[in-house]
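Below are the chains, spelled out letter by letter.
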Amino acid sequence: GNWKSNGTVETAKVLCKALMPGVPSWRNKVDVVVCPILPQLSLVKKITTKSPLKVCAQNVSASSEGAFTGEVSAGQLKDFGVQWTLIGHSERRTKYGETDAMTAEKMEKCQ
């Protein structure tokens, strides 16, 4: 699930612990991912390490590493062990004007 811009450290812990027991029953059917806010990514990754629950970033930059304040590159996410990210979300399109071309650039960076 996408946590949007919600939650605290405590709610992240509670939600992960509530979700983890049910994940094994879905193991061979779907991948179950949670998309915490960026400051909680490390905590959630640590909590879910021995669980089939996966961690997803809510966004990824269309740029590689460099002078892009506030952006997180696909390479940085991969280096951190994050294999999932949301790309092309309707909120990014309507609120930030992300286009199909920008979404395609992000997809290319994640390959």
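Look above for the structure.
In this text the structure is predicted, and so the values were computed from the model without any measurement.

Each value, and the rule that gives it
Residues numbered from 1 in each chain as written. Predicted model: local features only at pLDDT ≥ 70, side-chain atom pairs only at ≥ 80, totals over all residues. Heavy atoms only, no water. Core = buried A, V, L, I, M, F, W, Y, C linked by side-chain atoms within 4.5 Å. Buried < 20%, exposed > 50% of the residue type's maximum accessible area, 1.4 Å probe, protein only. Helix = DSSP H or I, 4+ residues; strand = E, 2+ residues; numbered from the N terminus. Contact = heavy atoms within 4.5 Å. Pairing = 2+ DSSP bridges. Right-handed = clockwise from strand over helix to strand, strands pointing away. Phe/Tyr/Trp six-rings, centres within 6.5 Å; stacked < 30°, edge-to-face > 60°. Lys NZ or Arg CZ within 6 Å of the ring centre and 35° of its normal. Polar contact = N/O pair within 3.5 Å; in protein donor to acceptor, adjacent residues only side chain to side chain. Salt bridge = Lys/Arg side-chain N within 4 Å of Asp/Glu carboxyl O.

A.B. asks: Explain the nonpolar core to me, please; I cannot follow it from the model alone.
C.D. replies: One recurring pattern in soluble globular proteins: nonpolar side chains tend to sit buried together. Trp3, Val34, Leu41, Val44, Leu53, Leu77 and Val82 are the most contacted members of the largest nonpolar core, which totals 16 residues. Secondary-structure elements contributing two or more residues to this core are helix H1 (9-19), helix H2 (41-47), strand E2 (54-57) and helix H3 (74-79). Beyond its immediate chain neighbours, meaning those up to four positions away, Val34 contacts Gly1, Trp3, Leu19, Val44, Leu53, Lys54, Val55 and Cys56.

A.B. asks: Where do I start with the environment of Trp26 in this structure?
C.D. replies: Note that Trp26 resides in the loop between H1 and strand E1 (33-34). When the C-alpha positions of Trp26 and Lys50 are compared, they lie 16 Å apart, and in sequence the two are 24 residues distant.

A.B. asks: Quick question: what am I supposed to make of the sheet that holds strand E3 (residues 84-85) here?
C.D. replies: Within a sheet, adjacent strands bond to each other through the backbone by hydrogen bonds, running parallel or antiparallel. Read from one edge to the other, the open sheet built from three strands follows the order E1-E2-E3, with strand pairing classed as parallel. Each having just a single partner strand, E1 and E3 make up the two edges of the open sheet. In this sheet, E2 lies alongside E1 in parallel orientation, the contact comprising two bridges. Residue pairing for E2: Val34 is matched across the bridge by Val55.

A.B. asks: Is there a simple way to think about the pairing of E2 in this case?
C.D. replies: The side chains of a regular strand alternate between the sheet's two faces. Crossover E1 to E2 through H2 is right-handed. In this structure, E2 lies alongside E3, joined through two bridges in parallel fashion. Pairing of Cys56 across the sheet is with Trp84, part of E3. Assessed by its sense of winding, the connection that carries the chain from E2 through H3 to E3 is right-handed.

A.B. asks: When you look at the packing of aromatic side chains in this model, what are you seeing that I'm missing?
C.D. replies: All chains considered together, the criterion is met by zero aromatic pairs. Over the ring of Phe80 we find Lys45; its NZ or CZ atom is 5.3 Å from the centre of that ring.

A.B. asks: Got a minute to help me understand unusual backbone geometry in this structure?
C.D. replies: Glycine aside, residues mostly have negative phi, and peptide bonds are mostly found in the trans state. Even without being glycine, Lys4 reaches a positive phi, approximately 55°. Relative to the assigned elements, Lys4 resides in the segment before H1.

A.B. asks: Just to check I follow, could you spell out the side chain of Ser61 for this structure?
C.D. replies: Along the polypeptide, Ser61 turns up in the loop between E2 and H3. For Ser61, a relative accessible area of 3% translates into the label buried. Here Glu71 takes part through its side chain, which lies 3.2 Å from a polar atom of the side chain of Ser61.

A.B. asks: Any chance you could explain the pattern of salt bridges here in plain terms?
C.D. replies: A side chain with one charge can pair with a side chain of the opposite charge if their charged atoms come near. Under the defined criterion, the tally for this structure stands at four salt bridges. Lys4 is paired through a salt bridge with Glu91; the nearest N and O atoms lie 2.7 Å apart. Highlighted residues: Lys4 in the segment before H1 and Glu91 in helix H4 (residues 90-96), separated in sequence by 87 residues. Residue Lys4 is classed as partly exposed on the basis of its relative accessible area, which comes to 32%. Overall, Glu91 belongs to the partly exposed group, its relative accessible area being 30%. Among the salt bridges present, the one from Asp100 reaches Arg93, with a minimum N-O distance of 2.7 Å. On the basis of relative accessible area, Asp100 is assigned to the exposed category, the value being 58%. With relative accessibility at 29%, the residue Arg93 sits in the partly exposed group. Within the structure, one salt-bridge network assembled from shared partners comprises Arg92, Glu98 and Lys106.

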